[in-house]
Amino acid sequence: SISYAIPAVSVANKTTYTNTTDKKNNHSFSHNTTAANQYLVVAVSYEAKDFNSHITSMTYNGSEMTYLEWEYTDNEDYKVEMWGIANPVIGTHTVDFYIADEGSKLVAAGAISFNNVNLSDPTRSTSRDYGDASSFSLPVTVPTNGMVMDAIVWEKKYKDHVVYARIIQSVE
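What this report covers is the structure whose coordinates are included nearby. (Residues numbered from 1 in each chain as written. Predicted model: local features only at pLDDT ≥ 70, side-chain atom pairs only at ≥ 80, totals over all residues. Heavy atoms only, no water.)

1. Some points on the packing of aromatic side chains
One pass over the structure, following the stated rule, counts 4 aromatic pairs. Taken together, a centroid distance of 5.7 Å and an interplanar angle of 75° make the contact between Y67 and W83 edge-to-face. Within this pair, whereas Y67 is found in strand 6 (residues 66-72), its partner W83 is found in strand 7 (residues 78-86), the two being separated by 16 residues in sequence. Overall, Y67 belongs to the partly exposed group, its relative accessible area being 36%. A relative accessible area of 7% places W83 in the buried class. Geometrically, the ring pair formed by W70 and Y72 is edge-to-face, given 5.5 Å between the ring centres and 80° between the ring planes. Counting every residue linked through ring pairs, the aromatic cluster contains Y17, F29 and F97. The ring of W70 carries the charged tip of K79 above its face, separated from the ring centre by 4.8 Å. Of note, R128 hangs over the ring of W70, and the distance from its end group to the ring centre comes to 5.0 Å. (Phe/Tyr/Trp six-rings, centres within 6.5 Å; stacked < 30°, edge-to-face > 60°. Helix = DSSP H or I, 4+ residues; strand = E, 2+ residues; numbered from the N terminus. Buried < 20%, exposed > 50% of the residue type's maximum accessible area, 1.4 Å probe, protein only. Lys NZ or Arg CZ within 6 Å of the ring centre and 35° of its normal.)

2. Re the sheet that holds strand 8 (residues 91-99)
Pairing in this open sheet of 4 strands is antiparallel, and the strands run 2-8-4-5 from one edge to the other. Because the sheet does not close on itself, it has two edges, and the strands there are strand 2 (26-33) and strand 5 (63-64). As judged from the 8 bridges shared by strand 2 and strand 8, these two strands associate in the antiparallel manner. Paired with T33 across the strands is G91, a residue of strand 8. (Pairing = 2+ DSSP bridges.)

Everything listed here is a matter of geometry and, on its own, says nothing about what the molecule does.
This is the structure we're talking about:
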């Protein structure tokens, strides 16, 4: 019999983007995928006009990414979304996304390329939550040999607590 170890999921590369100056619909930043057979996840937190504000398209090097999940703060002022793509083109390419309605001036995004992911079924459980609290936690099950990506947006509206929205996406 032959035995082998399944390699653990690992982070290959990560990139961040922020916009705090211009209210706009179109946003873009560069990200480098360093090898074949990776899974790329992009999380975006942004100031939302209302419940109808959302990202209508997300691409990497012109290829459409798959929508994974979203969550709003309980006052609907901010939103967080996650998108993913299996086996993205190797090299430094552009992540482009479009925020519907009036766009957003306050945007923060992060892109992470993962190695050793099951590309035919890369995502597992998703946990999401929102609220108004002085502290917050969200339970998540990390798959064997897997990893999680956590995205949160929060706003300090009160002296002793914040409003928040959070997503945790697991990959395996």
